[in-house]
Every structure is written in structure tokens, then in C-alpha cells.
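Structural characterization, general
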Amino acid sequence: MAKAALKALKTFDTLGDIAERMDELRKQRKVLALQDKPLKDEYDELAEKALVMLDETKQVKGGSKHATLTVSETTVPKILDISKLVTHIVKNKLWHLFLAQPLTTPAWREARELKGSDLPGTETFTKRGVNHTSVAA
């Protein structure tokens, strides 16, 4: 599948011209975002209902002729005691866990796997959702 060519950006002579165009674009994007919000809210509500239905019927996948829904699960940290966690990070030199706020999930998962259990001051929380995939017609 060929990628569409990127549209050439209009050239601007001054920083003021760029600022004006950026302001126009921001205003246009705000209008689109307002139109998108009710659609996203309905989409998210349907995803929650789909997850409940899949759980009730003990399925992990379902769908129709045009789309499939699949249960997704991701383990994420839930910090219970920050002082215990910081003590563990310092003791084991896991400085990469401090690189993002909140605690970086991939780094936490890696440290958890190395330790073989939850890090002190944290517990595993399984984040669940539904993946929606359109099927080519």
C-alpha cells in the first residue's frame, strides 16, 4: 500500500505569519474536537458495554462481519506506599523508574519481572479494555 505524499507546507516569511496560521489551526482543531467529543464518549461507553458482555459470556473475542472486538489486559503499577518503593529503587539502583511521572509502567514491569513479585510499596493492577479492529470489506 503506497503512502500518500505529504502536503507541502506553505512558506511563511515571518514568525508573526507562523503564529497567525498556528492560531487559525488551533481554532479549527477546537471546532473538530467539540464535534468529536460526543462520538468519543459514545464509543467509550460502547467499549465498556462490550467488555461487560464479553465477560458475561466468558469470551475474549467477538464481533461482526465488519469489525472485531478483543479483550485487552495490561498490568500497570498501583503505588500503595511511596516510601517503600523509593527505598527499593535506591537499594537496587533502579533509577530508570524515576524517568517519568507517573512511574513508568514498562520500567516497573521489567523491575517486577526481575524481582519475581510486586515491588515494595506497589501492587499489580490489571487494566482491561476492548480493542476494536475494522475488517477489510
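Everything discussed here concerns the structure shown above.
Residues numbered from 1 in each chain as written. Predicted model: local features only at pLDDT ≥ 70, side-chain atom pairs only at ≥ 80, totals over all residues. Heavy atoms only, no water.

1. A word on a nonpolar patch on the surface
- Together, Phe12, Leu15, Ile18 and Met22 line one region of the surface with nonpolar side chains, adding up to about 400 Å² of accessible area.
- Positionally, Phe12 belongs in the segment before α1 (15–56).
- The class for Phe12 is partly exposed, based on a relative accessible area of 30%. (Patch = residues over 30% accessible without salt bridge, like charges linked within 9 Å, V, L, I, M, F, W, Y side chains within 5 Å. Areas by Shrake-Rupley, 256 points an atom, 1.4 Å probe, with all protein chains shown as cover. Salt bridge = Lys/Arg side-chain N within 4 Å of Asp/Glu carboxyl O. Helix = DSSP H or I, 4+ residues; strand = E, 2+ residues; numbered from the N terminus. Buried < 20%, exposed > 50% of the residue type's maximum accessible area, 1.4 Å probe, protein only.)

2. Quick word on the pairing of strand β2 (residues 67–79)
- Sheet analysis places strand β1 (residues 61–63) next to β2, joined by three bridges and oriented antiparallel. Within β2, the position partnered with Lys61 by the bridge is Thr70.
- Where β1 folds back onto β2 in an antiparallel hairpin, the turn is made up of three residues. (Pairing = 2+ DSSP bridges.)

3. Regarding the environment of Thr105
- Its location among the elements puts Thr105 in helix α3 (residues 105–115).
- Each C-alpha atom, one on Thr105 and one on Pro77, is 6.5 Å from the other, the two residues being 28 residues apart in sequence.

4. Points about α1
- With 42 residues, α1 should cover 62 Å at 1.5 Å per step; its first-to-last C-alpha distance of 57 Å lies within 8% of that length.
- In α1, a bend of some 35° at Asp36 exceeds every other bend along the element, and Pro38, a proline, comes one to four places later.
- For α1, the full list of buried residues reads Ala50, Leu51 and Leu54.
- Buried residues belonging to α1 abut β1, β2 and β3 (122–134).
- Just past α1, the residue Lys58 takes up positive phi, approximately 55°. (Expected span 1.5 Å × (residues − 1). Bend = angle between axes of the 7 residues up to and from the residue. Contact = heavy atoms within 4.5 Å.)

5. Quick look at unusual backbone geometry
- Phi angles above zero are rare outside glycine, and Lys58 is one such case at about 55°.
- Within the secondary structure, Lys58 is located in the loop between α1 and β1.
- A positive phi angle is found at Lys93, which is not glycine, with a value near 55°.
- Within the secondary structure, Lys93 is located in the loop between α2 (82–92) and α3.

6. Thoughts on the nonpolar core
- Formed by Leu85, Ile89, Leu94, Leu97, Ala107, Trp108, Ala111 and Leu119, the largest nonpolar core amounts to eight residues.
- At three residues, α3 tops the list of elements feeding residues into this core.
- If near-sequence neighbours (up to four positions away) are discounted, Leu94 is found in contact with His88, Ile89 and Ala111.
- Counting five residues, the second-largest nonpolar core is a separate cluster that includes Leu51, Leu54, Val71 and Val130. (Core = buried A, V, L, I, M, F, W, Y, C linked by side-chain atoms within 4.5 Å.)

7. Points about the side chain of Thr122
- Among the secondary structure elements, Thr122 is positioned in strand β3.
- The class of Thr122 is buried, set by a relative accessible area of 7%.
- Polar contacts involving the side chain of Thr122 include one to the main-chain carbonyl oxygen of Leu119, which spans 2.8 Å.
- Setting aside anything within four residues of it in sequence, one finds Thr122 in contact with Lys78, Ile79, Leu80, Leu85 and Trp108. (Polar contact = N/O pair within 3.5 Å; in protein donor to acceptor, adjacent residues only side chain to side chain.)

8. Remarks on the sheet that holds β2
- Read from one edge of the open sheet, three strands run β1-β2-β3, paired in antiparallel fashion. Since the sheet does not close on itself, it has two edges, and those belong to β1 and β3, each with one partner. Going across the sheet, the axis of each strand differs from the next one's by a mean of 30°, ignoring polarity.
- The pairing of β2 with β3 spans 13 bridges and is antiparallel. Within β3, the residue paired with Val76 across the bridge is Phe125.
- Strands β1, β2 and β3 of the sheet are contacted by α1, whose axis makes an angle of about 105° with β3. (Axes fitted to C-alpha atoms, helices over the stretch in contact; angles between N-to-C directions.)

Note that all results are geometric; they support no functional claim without further evidence.
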